[in-house]
Amino acid sequence: MSGMSAAHELIERGFDVEIFEAQPTYVGGKARSEAATVGPFTNLPGEHGFRFFPGFYRHLIHTMKRIPFSSQSVYNNLKKTDTILFARDGLEPLKALAHFPWNSFDLDLVFQTLNGGTPATGLSAAEKTLVKKKLFQLLTTSDTRFDDEYEQTGWWYFVDADNNSTTYQNLFADGLTRSLVAAKAKTMSTKVGGSILLQIIYTMADPTVAASRVLNGPTNESFLTPWYNYLISKGVIYHKNHEVRNINSVGDHITDIVVHDGNTSTLINVKGDYYLLAVPVEKAQNLLTSAMATRDPALANTTTLATNVNWMNGVQFFLNTNLPISNGHIIHSNSEWALTSVSQVQYWDSSIYDINAATAGLVKGVLSVDISDWEGIYNGKMAKNCTELELITGIYEQLQQSLVLAAPIPPLPANMASLVVGYHIGSSIRLIAPNLVFNDEPLLVNVVNSWGLMPKSWSTIKNLFLAGDYVRTNTNLATMEAANESARRAVNCIIDASGTGKPYAKVWKLRSWKMFMPYKWWDKKRYQKGLPYKDNYPWWLHGIAFFWAVICLVAWVLLYIYTRIFGPI
């Protein structure tokens, strides 16, 4: 994702660009679809579950709007989802709105969520109050405290999970971290967890954006293949099945790179003016040599960062019926393997991809699932120690158990064979020995104090630049958005180094609500005095905050009226 994003920005600014891609067939890295087989049918879309495009994505969306698709762009292939379903073993699922409330039914769902939900969440009155208190703390904390103190504070401890119920831990502590970013609540920093939670809240309350979106077809067909074709048409030279093996340097310059040509099984030396390393951190650590680290010690930190990876990989079930369990993503909140899922065919445009036609009616539905905790114990085994059959059976059973009370008729039958006609496990998951699974493509997770280890987009190696989800960005989370933002930062550095005077790529900050500025100002003053966060504000600050909030709300209402007339921006 970062490599393609960088190529896009560079080629549109007149640079000559060559990409060396290790994959022989696919582009887009972890974001790709890949060929799946069900019965006699091959090349079906194997998807990575839970992929979505939240409203706080700005960099990637800006790029998507510039990728042609038919008479529009791939941005127009995004479709809004309505709800988030929290499925729970032995309990009715909880439903939360995934966008701005446009009608009375939406407002009713919002009020239900804020007041404990219908059915009951299982949280005590004190825990509901604590959730609101912690959310208010995040909203009113100064950026200075976020960047420093919260970077050193684990999310689990920030939300006081140890002193509350298992239900509270599953929904509020682990629910955000394990399910959405494959991180662990005790080690992920509050800076990361809190920032992303706020971004989700901001966009859900913003009538000008769609807070949660998915593609209207498989990722390759709706996004990556049109992108690849556009880059080729603009002049990008793409070398597939070419893996970089070494980066050679002398002093503060890269002289060339050594690439293995998988098509001819030969090594070739490639020279360029500038080199942009856009690979995952566990690959980068092997390419950044000790000589480079001597020149730029920050590059040595990739070795430490490479230990902060976890597994978040997809399994896809092909069904004999289209089963739109929920109009949106499903978080199976107390599943042992931290499962999330989405029923995809309900969003797919048959003109882009018709899986029913592609399989002569054999496949009518697709349930795409992510496993975020491969070390969780189910039936006495970790997911990473299961056989293929144990893995598939374990996933299905956890999905089925969490959805038993989702409707009068359980959406998933207990007998998997009566519904599932095939499945696909992401190709990066490999069984290398009985009960021993290896993952070729883990995911970086942001742990406490990892920000200080992350390199910048530039280095003291003057013609080497870095892009990827381990590079410092405003997004600061291993996502397509962070990959795209990091690419833009690297491109800006190349523009600067080249002296061409080309316009820089746009980079955005994270969103924030202006109405809380008085409280943030007060918290910053406290932080500068070495004091902890405290919500016991003086009376006069509440007065200032009230009048400031009125001004902000008036502006917000005007924006709301505009969007009701002209639609979301």
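Here the structure is a predicted model, which means the values were calculated and not measured.

(A) Focus on the overall build of the protein chain. Secondary structure assignment for the protein chain yields 17 helices and 26 strands. The globule rule puts the C-alpha radius of gyration for 569 residues at 25 Å, and the 24 Å found for the protein chain is close to it. Overall size of the protein chain, expressed as C-alpha extent along the three principal axes, is 65 × 65 × 50 Å. Taken over 569 residues, the protein chain has a buried fraction of 53%. The long-range share in the protein chain, meaning contacts at least 24 apart out of those at least 6 apart in sequence, stands at 70%. Charged side chains of the protein chain number 48 positive and 47 negative; the gap between the two group centres comes to 7 Å.

(B) Quick look at the pairing of strand β2 (residues 34–38). Across four bridges, β2 lies against strand β3 (residues 41–46) in antiparallel orientation. Of the residues in β3, the one forming a bridge with E34 is G46.

(C) Fine view of the nonpolar core. Core analysis: the biggest nonpolar cluster contains 70 residues, and M1, F53, M64, W155 and F223 have the highest contact counts within it. When residues in this core are grouped by element, the largest group, eight residues, is from helix α15 (residues 480–498). Among the nonpolar cores identified, the runner-up in size contains 30 residues, and W374, Y378, L412 and L419 belong to it.

(D) Region of the structure containing helix α14 (residues 388–402). Spanning 15 residues, α14 covers 22 Å between terminal C-alpha atoms, matching the ideal 21 Å at 1.5 Å per step. Regarding α14, the residues found buried are L391, I392, G394, I395, Y396, Q398, L399, Q400 and S402.

(E) View of unusual backbone geometry. Of note in the backbone geometry, A360 takes a positive phi value of approximately 55° without being a glycine. Secondary-structure assignment places A360 in the loop between α13 (355–358) and β19 (365–371). Located in the positive-phi region is N476, a residue other than glycine, with phi close to 55°. Relative to the assigned elements, N476 resides in the loop between β26 (464–466) and α15.

(F) A look at the environment of T225. Along the chain, the position of T225 falls in helix α9 (residues 219–234). Look at T225 and you get partly exposed, because its relative accessible area is 36%.

(G) Seen up close, the confidence of the model for the protein chain. For the protein chain, per-residue confidence averages 89 on the pLDDT scale, and 93% of positions sit at 70 or higher. Counted against residues more than four places away or in other chains, residues 102–111, with its pLDDT under 50, gives 16 contacts.

(H) Just the sheet that holds strand β17 (residues 328–332), in detail. One open sheet accounts for seven strands, arranged β8-β7-β17-β18-β19-β16-β22; its pairing is mixed. Across the chains shown, the open sheet's two edge strands, defined by having one partner strand only, are β8 (91–97) and β22 (420–425). The mean angle between the axes of side-by-side strands here comes to 20°, regardless of whether they run parallel or antiparallel. For strand β7 (residues 83–88) and β8, the ladder comprises five bridges, and the chain directions are antiparallel. By the bridge assignment, R88 is partnered in β8 with L91.

(I) Local environment of the packing of aromatic side chains. Going through the model one piece at a time under the given rule, you end up with 22 aromatic pairs. Residues F146 and Y150 carry aromatic rings whose centres are separated by 5.0 Å and whose planes lie at 75° to one another, so their mutual orientation is edge-to-face. Taken individually, F146 and Y150 each receive the classification buried, so the pair is uniform in this respect. With a centroid separation of 5.3 Å and 10° between ring planes, the pair formed by F223 and W227 is classed as stacked. Of this pair, F223 and W227 both sit in helix α9, four residues apart, which is roughly one turn of the helix. The same class applies to F223 and to W227, which are both buried.

(J) Representation of the sheet that holds strand β12 (residues 253–261). Ordered by their spatial adjacency, three strands build an open sheet running β11-β12-β13, and the pairing between neighbours is antiparallel. The sheet is open, and its two edges are formed by β11 (242–250) and β13 (266–270), each paired on a single side. Recorded for the sheet is a direction-independent mean angle of 25° between the axes of neighbouring strands. Direction of pairing for β11 relative to β12: antiparallel, over a ladder of eight bridges. For N246, the partnering residue across the bridge sits in β12 and is V258.

(K) Focus on the environment of L531. Locating L531 in the fold gives a position in the loop between α16 (517–528) and α17 (539–566). Residue L531 is classed as partly exposed on the basis of its relative accessible area of 35%. Separated by 206 residues in sequence, L531 and I325 have C-alpha atoms that sit 48 Å apart. Contacts of L531, omitting those with residues within four sequence positions, involve R145 and R526.

(L) Examining α15 more closely. Helix length check: α15, at 19 residues, gives a terminal C-alpha distance of 27 Å against a target of 27 Å (1.5 Å per residue), a fit within 8%. By the criterion of burial, α15 is predominantly enclosed, with 15 of the 19 residues buried. Following α15 by one or two positions, G499 adopts a phi angle in the positive range, close to 70°.

Scoring rules and cut-offs
- Residues numbered from 1 in each chain as written.
- Predicted model: local features only at pLDDT ≥ 70, side-chain atom pairs only at ≥ 80, totals over all residues.
- Heavy atoms only, no water.
- Helix = DSSP H or I, 4+ residues; strand = E, 2+ residues; numbered from the N terminus.
- Rg over C-alpha atoms; globule rule 2.2 N^0.38 Å.
- Buried < 20%, exposed > 50% of the residue type's maximum accessible area, 1.4 Å probe, protein only.
- Contact = heavy atoms within 4.5 Å.
- Lys, Arg positive; Asp, Glu negative; His and termini not counted.
- Charge placed at Lys NZ, Arg CZ, Asp CG, Glu CD.
- Pairing = 2+ DSSP bridges.
- Core = buried A, V, L, I, M, F, W, Y, C linked by side-chain atoms within 4.5 Å.
- Expected span 1.5 Å × (residues − 1).
- pLDDT = per-residue confidence, 0-100.
- Axes fitted to C-alpha atoms, helices over the stretch in contact; angles between N-to-C directions.
- Phe/Tyr/Trp six-rings, centres within 6.5 Å; stacked < 30°, edge-to-face > 60°.

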